[in-house]
Number of protein chains: 2
Amino acid sequence: MKNIIFTSLFILFFLNTINAQLKSPDNNFSLTFSLLDEGIPSYSLTYKNKVIIKPSKLGLELKNDNQSLLNNFNVIDSVTSTFDETWEPVWGEVAKIRNHYNELAITLIQKGTDRKMIVRFRLFNDGLGFRYEFPTQNNLVYFTIKEEKTQFAMTGDHTAYWIAGDYDTQEYDYTTSKLSEIQGLMQKAVTGNASQTAFSLTGVQTSLMMKTDDNLYINLHEAALIDYACMHLNLDDEHMVFESWLTPNANGDKGQMQAPCKTPWRTIIVSDDARDILASKMTLNLNDPCKIDDTSWIKPVKYIGVWWEMITGKSSWSYTNEFPSIQLGVTDYTKAKPNGTHAATTEHVKTYIDFAAEHGFDGVLVEGWNQGWEDWFGHAKDYVFDFVTPYPDFDVKAVHNYAKSKGVKMIMHHETSGAIRNYERHLDKAFQFMKDHGYDAVKTGYVGNIVPVGEYHYSQWTNNHYQYVLEKAADYQIMINGHEAVRPTGICRTYPNLIGNESARGTEYQAFGGSKPNHVTVLPFTRLIGGPMDYTPGIFEMDISKLNPNNQSHVNSTIANQLALYVTMYSPLQMAADLPEHYNKFSDAFQFIKEVALDWDDSKYLEAEPGEYITVARKAKGSNNWFVGNVNGVIPRETSITLDFLEKGKKYEATIYADARDAHFYDNPQAYTINKMTVTNKSKIKQISAPGGGFAISLIEK
Amino acid sequence: MKNIIFTSLFILFFLNTINAQLKSPDNNFSLTFSLLDEGIPSYSLTYKNKVIIKPSKLGLELKNDNQSLLNNFNVIDSVTSTFDETWEPVWGEVAKIRNHYNELAITLIQKGTDRKMIVRFRLFNDGLGFRYEFPTQNNLVYFTIKEEKTQFAMTGDHTAYWIAGDYDTQEYDYTTSKLSEIQGLMQKAVTGNASQTAFSLTGVQTSLMMKTDDNLYINLHEAALIDYACMHLNLDDEHMVFESWLTPNANGDKGQMQAPCKTPWRTIIVSDDARDILASKMTLNLNDPCKIDDTSWIKPVKYIGVWWEMITGKSSWSYTNEFPSIQLGVTDYTKAKPNGTHAATTEHVKTYIDFAAEHGFDGVLVEGWNQGWEDWFGHAKDYVFDFVTPYPDFDVKAVHNYAKSKGVKMIMHHETSGAIRNYERHLDKAFQFMKDHGYDAVKTGYVGNIVPVGEYHYSQWTNNHYQYVLEKAADYQIMINGHEAVRPTGICRTYPNLIGNESARGTEYQAFGGSKPNHVTVLPFTRLIGGPMDYTPGIFEMDISKLNPNNQSHVNSTIANQLALYVTMYSPLQMAADLPEHYNKFSDAFQFIKEVALDWDDSKYLEAEPGEYITVARKAKGSNNWFVGNVNGVIPRETSITLDFLEKGKKYEATIYADARDAHFYDNPQAYTINKMTVTNKSKIKQISAPGGGFAISLIEK
């Protein structure tokens, strides 16, 4: 049920009025808008009377224009209003979300050009969102953005949890450092990727998590990134001022705009309690309400996949090693000698379907099912896949019928290799092919450089592609899990068929040399601010050389940590990524993955510190059962929690999957304990977590 | 009926053998392939023992590669063969085309890299075609072309009929000059266009027509431009050597190649008789045979259109002047005040349909029927048209039904404004919309810069788009008339649904300030070498200010010249471009446009000199009737022709539409005479042509 309160207050400013103030509903935040000398718009922000953002300039530099939108502004109008509604997400961490803010809309007019620009601020109890709006007008119709010049002036040399700014990849390990140390650490932070374009020694990505010396937590990101280039932040590390740095197109331009239009929201989430950052729904609230009328077909998905065996190098996506290259429609696979390592065969996939059916998984993802994988990226190849033609050893109909008979859904895989136009050309047929064969979810991929060459993964043109795919998928009632696509910004509120994204360093990197043990204690503070991640947890065999003797990678995580991820990394799409044989080997631990819910009525962040630990309890949708997850960084730690979130007077069976006393992400990752006990809302639990470890608890109502 | 003779002769060369020769079937041409020092491939060409191409280097410069494909080659194989077949075009200047050539295929292997490259030469009686081929191999799979380095070394300072090389437009007036004069004239030659990117002071476009001091005619062009960048020629005007200059992509690269692959054919048509250049079918012959199985739906089209009134500024494409800009799906046209100048209204179009029905035209083109024309180009706008949503005053169904009741076909118009992706996104729906409403031909347009910005009109990526549209249109049984698309290279043999292209300066420029009076005596030697042009002739009112007082343009042509164009400018698609009221005013002259055929059993080029005059006689398909056309340059001239092409013993009624004695393209363009007489194959006709004039004759069997 929605409860909407909307009041509005109009105030006409005089031209020489240069200050406007706004408070958050709880009065903790105070936003000040000012015109600086020369009519430069600026804003500043305090939280509990502490300065968060020092006076920071606003504006945009235009290309080939006599006058940028940077200065010479007067304020001609200022409108404040209050908004309060509660809405129900199609899926989510909680059943209901309150969207409550005070708004200040400043209308600026530029002297000399008579151009109008509105800066709209929305101040929530968890932070600030603001954007630029360009209403219909005669003197500003089409314009090209050379750079957005939004500043975020920090108050000091905060600690940041950052990855390098990059136009083409988000798959870096996080570095924790002082802002002043970013420049010196940048070279080390930029590790190899199939497509990458770093741009500055002080350029970082959003969502950027920071902590001040007086223990304030600040998160900078954006919301509702639609028809605009993705924003990075470039640091002036002398003055500790971040400035927006958009992703360019092939011409080096940053945006092609047509009024009426608006930018995404620039977001600043702030608290003195790190748990509030994780619980914030501000990013979702700044997005438009759901635009899909019938959402009954959108469902959370727990799945397994023919995938980890390729990621580790045990098997291959490709069917043959015979051809130096592939030309779809020309290459005759029926005459090729199979390489013997191809994983996506009908028979092999059936064993996954059997496993999924036996253990109650909703779906099975199969990668490498379609022709073209022999040379799928790195060549600026345009016609790399057609998304409908299987390899000779993969019988789509037989697999579909078999899965259907077992009550399992197949999950489609569309790797595009970054060939945007090629994917769009085939999209209708590919989606129809899915519907014809019982698929209602697809994992998309954009590995390698974007084609046409010159475009980047996060430019306005490419972002429009992701949005096009998402909206077309909605037309077909298809759910999207986009890998290598632009990082999410809460668009899943508007299009809840976006059930997942990668857009960060996922579990696959554990098989590509490993990720930092505390990686999963940072991701919820950064990547997950914009939306759920298809992190693909659930790895039980940490020694990858056991799958592939040529791969010496080690998964820097304990089994208990892997289980906890199903709770700590909120996602309506959860994979059990390891091989069935490993789950069979540790079937008692596997029980948690089978039981854990995907959708929630409530979530309680119990403990949190970026890079160190996160503990969260979630109440399963439409049930009294709860699940708790804890992930830990590299320092061994004891958690003490009270189960006061449980319903009073009821008894629950708690099953605690925990690190064994001598567990360790590197030396002893498979050492876990499982304990069962009866608990109530008065029970307390003390639990140790190993380095790179954690624990997972199921709390089933008796 | 096809008559195919195919013999092949294999000769294994020794590595130090550096010469291979090939003769044309009639022995007039001699081609020599040689390896120069350092293993550089080269070729030279003679015609009747005169050197046409001096030794010229062959090869390609690669990007990011240790070794380009320029030198260090050995010849490892050489194969000669003969081919002779006769094929029947779906439409054309003649009923049957002989494809007769001797072929030499030189297989080169590069020392050090073991890379293979084949240079395939085909020597016809009208000239030479050659291309590079890259067979499947291990050491050359994917490669990026930095530049193709094919040389055409001229023997002297020839006279050239040229337009400036440009990545985005072909719509320039031709300049006649010595090669050495190109550089000095370039600045004047580059006139304004909505999208243009010149690249060199000595860069020119193909097809390039030249004449030597000893009266040899040489034409350089390309054939079968598929999956490759369009070639320009850059002149070293010290040594008179042309070198290929491809159109780059947004990165500045010239080609993304994947072996096995091949370049288009580079063509050199040569004769000592200019008429042979016009009659050459070599460009068609170098293209693949028709790939459309059922071609019964492909038919020549004579049409009128709601078009010239917008081109002249008398009417508008747009519906309203109220909005500073349009956003499709957002802008509500029903609330807009009509501007009163919109031409594509249901009622107005019906008057065109009436006129078409009364005078026997096949179709009516309507531009400006769909929403979006208020700001359709110049803004790098992506979503500029959706190709299915009409303006409020254009009733698609009513127009369709009315046209159908009158036996007239509507011709669709898809202006893309260069937004490639947007057109492809809408293509299926747009084509289905056409089929649903009885349209089976579409004029496409690419005005303005290509979107995504950075790409050019003639790059490999953009050329692939035109080909994609053409092939998809064939799937829908739709004929394509592509404007602003890349110049044709004979692809209409393979896809005869490509019934027209603009790709040069068309009649519209007569309303944009005028074209040179001799323009139409050059086009058949240049632009038409690759395929038919939708030149849109038939203008009877030369004073454009009579249509629009604000437009002082003058059509530099006489009415007789306009009539002749239906014969001299071969095309299966011919427009009568002027307004119905002007045809009603000169209904006797209009009679020729009504009668002239569109498809031919035979064509005889009777006289020809580039820039000066062309006289051609054509025999109507399946009939004994002939039509003769003469266009003249600026010097008054008398033509003397014998009608010996007429069938012996038969009588014909000749109707001669000619310039009056005092006619002149500028001072007196509407002065014409019409004479009728009975003629036989022994008759001679003497006829004067005024400056910018000509004559047209219908010869109807009695």
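Computed from a prediction, not measured in an experiment: that's the story for all the values here.

**Here's the deal with the overall build of chain A**
Moving on, step 1. Check the secondary structure of chain A and you find 12 helices and 37 strands.
Moving on, step 2. Expected size for 702 residues packed as a compact globule is a radius of gyration near 27 Å; at 25 Å, chain A falls within 12% of this value.
Moving on, step 3. Summarising its shape, the C-alpha atoms of chain A cover approximately 75 × 65 × 50 Å along the three principal directions.
Moving on, step 4. Residue pairs at least 24 apart in sequence account for 71% of intrachain contacts in chain A once pairs closer than 6 positions are excluded.

**Details of the packing of aromatic side chains**
Residue and element names in this part refer to chain B.
Moving on, step 1. For the structure shown, the criterion picks out 82 aromatic pairs over all chains.
Moving on, step 2. Between the aromatic rings of Trp 317 and Trp 373, the centroid separation amounts to 5.8 Å while the plane-to-plane angle is 15°, which identifies the pairing as stacked. Linking Trp 317 in the loop between α4 (308-311) and α5 (346-359) with Trp 373 in the loop between β24 (363-366) and α6 (396-405), this pair joins segments that are 56 residues apart in sequence. Both residues of the pair, Trp 317 and Trp 373, belong to the buried class.
Moving on, step 3. With a centroid separation of 4.7 Å and an interplanar angle of 70°, the aromatic rings of Trp 376 and Phe 377 are classed as edge-to-face.
Moving on, step 4. Judged by its relative accessible area of 33%, Phe 377 falls in the partly exposed class.

**Notes on the nonpolar core**
Moving on, step 1. Phe121(B), Phe134(B), Phe152(B), Phe242(B), Ile268(B) and Phe431(B) are the most contacted members of the largest nonpolar core, which totals 209 residues.
Moving on, step 2. Those residues within four positions of Phe242(B) in sequence are excluded, and the remaining contacts are Thr150(B), Gln151(B), Phe152(B), Met154(B), Leu179(B), Val204(B), Leu208(B), Met210(B), Leu220(B), Leu233(B), Asn234(B) and Leu235(B).
Moving on, step 3. By size, the runner-up hydrophobic cluster in this structure holds 208 residues, among which are Leu235(A), Tyr391(A), Ile529(A) and Val596(A).

**A few points about the relation of the copies chain B and chain A**
Moving on, step 1. Here chain B sits on chain A after a turn of 180° about the axis and a move of 0.0 Å along it, with an RMSD of 0.0 Å. Expressed as an axis order, the relation between the two copies is that of a two-fold axis. Across chain B, the rotation axis passes nearest the C-alpha of Ala250(B), at a separation of 3.1 Å.
Moving on, step 2. Mapped onto chain A, 100% of the interface residues of chain B again fall at the interface, so both copies present the same surface.

**Some remarks on the environment of Gln467(A)**
All names here are of chain A.
Moving on, step 1. Position of Gln 467 among the secondary structure elements: in helix α8 (residues 460-475).
Moving on, step 2. Taking the relative accessible area as the measure of exposure, Gln 467 reaches 10% and is therefore buried.
Moving on, step 3. Remark: the alpha-carbon pair of Gln 467 and Thr 642, spanning 175 residues in sequence, is separated by 43 Å.
Moving on, step 4. If we ignore the near neighbours within four places in the chain, the residues touching Gln 467 are Ile 226, Ile 491 and Tyr 495.

**Details of the pattern of salt bridges**
Moving on, step 1. The final tally for this structure, using the stated rule, is 74 salt bridges over all chains.
Moving on, step 2. We note a salt bridge from Lys63(B) to Asp253(B), for which the minimum N-O separation is 2.8 Å. Of the two residues, Lys63(B) is situated in the loop between β6 (60-62) and β7 (73-87) and Asp253(B) in the loop between β19 (241-246) and β20 (255-258); the sequence distance between them amounts to 190 residues.
Moving on, step 3. Asp253(B) sits in the buried class, given a relative accessible area of 7%.
Moving on, step 4. Between Glu243(B) and Lys149(B) there is a salt bridge whose closest N-O contact spans 3.4 Å. Note that Glu243(B) is positioned in strand β19 and Lys149(B) in the loop between β11 (142-148) and β12 (151-153), a separation of 94 residues in sequence.
Moving on, step 5. Under the relative-accessibility criterion, Lys149(B) is labelled partly exposed at 25%.
Moving on, step 6. Connected via shared salt-bridge partners are Glu103(A), Arg120(A), Arg122(A), Arg131(A) and Glu133(A).

**So, helix α8 (residues 460-475) of chain B**
Residues and elements named next belong to chain B.
Moving on, step 1. Compared with an ideal rise of 1.5 Å per residue, which puts 16 residues at 22 Å, α8 spans 23 Å between its outermost C-alpha atoms and is within 8% of the ideal.
Moving on, step 2. The buried count for α8 comes to 14 of 16 residues, which makes it a mostly enclosed element.
Moving on, step 3. Directly beyond the C-terminal end of α8, a positive phi value near 55° is found at Gln 477.

**Structural notes on the pairing of strand β32 (residues 626-632) of chain B**
All names here are of chain B.
Moving on, step 1. The buried fraction of β32 is high, at seven of seven residues.
Moving on, step 2. Neither face of β32 is open: one carries Trp 626, Val 628, Asn 630 and Asn 632, the other Phe 627, Gly 629 and Val 631, and all of them are buried.
Moving on, step 3. The pairing of strand β31 (residues 613-620) with β32 spans seven bridges and is antiparallel. Its bridge partner lying in β32, Arg 618 is registered against Phe 627.
Moving on, step 4. The loop that links β31 with its antiparallel partner β32 comprises five residues; one of these, Gly 622, has a positive phi angle of about 65°.
Moving on, step 5. Bridging between β32 and strand β37 (residues 694-701) involves six bridges; their strand directions are antiparallel. The partner of Asn 630 across the bridge, within β37, is Phe 695.

**Quick word on the interface of chain B and chain A**
Moving on, step 1. On the side of chain A, 33 residues touch chain B, which itself brings 33 residues to the contact.
Moving on, step 2. Summed over both sides, the interface between chain B and chain A buries roughly 2,900 Å², with carbon and sulfur atoms accounting for 51% of that surface.
Moving on, step 3. Put simply, chain B and chain A have four salt bridges between them.
Moving on, step 4. The closest approach of N and O atoms between Arg425(A) and Glu424(B), which form a salt bridge, is 2.7 Å.
Moving on, step 5. Between chain B and chain A we count 18 residue pairs in polar contact (both at pLDDT 80 or more) in total.

**What about the sheet that holds strand β28 (residues 498-501) of chain B?**
Residues and elements named next belong to chain B.
Moving on, step 1. Here seven strands make up an open sheet; going across it, the order is β28-β27-β26-β25-β24-β23-β29 and the pairing parallel. Bordering the open sheet on either side are β28 and β29 (573-575), each of which pairs with just one other strand. Shown here is a sheet whose adjacent strand axes are inclined to one another by a mean of 25°, direction ignored.
Moving on, step 2. Here strand β23 (residues 301-306) runs beside β29; their pairing, made up of three bridges, is parallel. By the bridge assignment, Tyr 303 is partnered in β29 with Met 575.

**Let's talk about the side chain of Asn422(B)**
Moving on, step 1. Relative to the elements of secondary structure, Asn422(B) occurs in helix α7 (residues 420-436).
Moving on, step 2. Apart from residues lying up to four places away in sequence, Asn422(B) is in contact with Asp382(B), Tyr383(B), Val384(B), Phe385(B) and Phe387(B).

**Describing the packing of α7(B) against α8(B)**
Residue and element names in this part refer to chain B.
Moving on, step 1. Running from amino to carboxyl end, α7 crosses α8 at an angle of 0°, the nearest separation of the two axes being 11 Å. Relative to α8, the element α7 lies roughly parallel. Counting all contacts with α7, which are made through Ile 420, Tyr 423, Glu 424, Leu 427, Asp 428 and Phe 431, the residues of α8 involved are Trp 461, Thr 462, His 465, Tyr 468, Val 469, Lys 472 and Ala 473.
Moving on, step 2. Among the residues making up the contact of α7 with α8, the classes are represented as eight nonpolar, two polar and three charged.

**As for the sheet that holds strand β11 (residues 142-148) of chain A**
All names here are of chain A.
Moving on, step 1. With antiparallel pairing, three strands are arranged side by side in an open sheet as β6-β11-β20. Each edge of the open sheet carries a strand with a single partner, namely β6 (60-62) and β20 (255-258). Averaged over all pairs of adjacent strands, the angle between strand axes in this sheet comes to 50°, irrespective of strand direction.
Moving on, step 2. Relative to β11, β6 runs antiparallel, the two sharing three bridges. What sits directly across from Leu 62, in β11, is Ile 145.

Conventions adopted
Sequence positions are assigned chain by chain, starting from 1 and proceeding in written order. Here every chain gets a letter starting at A, and every ligand a number starting at 1, in the order they are written. Owing to the predicted nature of the model, reporting of local features is limited to residues with pLDDT of at least 70; listing and counting of side-chain atom pairs is limited to 80 or more, with chain, interface and lining totals taken over all residues. The basis for every side-chain value is the complete set of heavy atoms in the structure, and neither hydrogens nor water enter the calculation. Each helix is a run of H or I in the DSSP string that is no shorter than four residues. Each strand is a run of E no shorter than two, and both are numbered from the N terminus. Each radius of gyration is computed over the set of C-alpha atoms, and the globule rule expresses the reference value as 2.2 Å times the number of residues to the power 0.38. In this description, contact between two residues means that some pair of their heavy atoms is separated by no more than 4.5 Å. Any pair of Phe, Tyr and Trp rings, taking the six-membered ring for Trp, is counted once the centres come within 6.5 Å. Such a pair is stacked with planes under 30 degrees apart, edge-to-face with planes over 60 apart, and tilted for the rest. Buried means the residue's accessible area, taken with a 1.4 Å probe over protein chains only, is under 20% of the maximum for its type, while exposed means over 50%, and partly exposed covers the values in between. Buried Ala, Val, Leu, Ile, Met, Phe, Trp, Tyr and Cys residues that are joined via side-chain atoms within 4.5 Å together make up what is termed a nonpolar core. The copies were overlaid with a least-squares fit restricted to C-alpha atoms from residues scoring a pLDDT of at least 70 in each copy. Definition used for salt bridges: Asp or Glu carboxyl oxygen within 4 Å of a side-chain nitrogen of Lys or Arg. In a helix, the anticipated span is given by 1.5 Å times the number of residues less one. Any two strands are treated as partners once DSSP identifies two or more bridges connecting them. Summed over both partners, buried area is the accessible surface (1.4 Å probe) that two parts give up on being assembled. What qualifies as a polar contact is a pair of N or O atoms within 3.5 Å, subject to a donor-acceptor requirement within protein and to the restriction that residues adjacent in sequence count only when both atoms come from side chains. To define axes, lines are fitted to C-alpha atoms, for helices over the stretch in contact only, and angles between the resulting N-to-C directions are given on a 0 to 180 degree scale. Working definition: roughly parallel below 35 degrees, roughly antiparallel above 145 degrees, roughly perpendicular at 65 to 115 degrees, and oblique for all remaining angles. Only Asp, Glu, Lys and Arg are considered charged, only Ala, Val, Leu, Ile, Met, Phe, Trp, Tyr, Cys and Pro nonpolar, and every remaining residue, Gly among them, polar.

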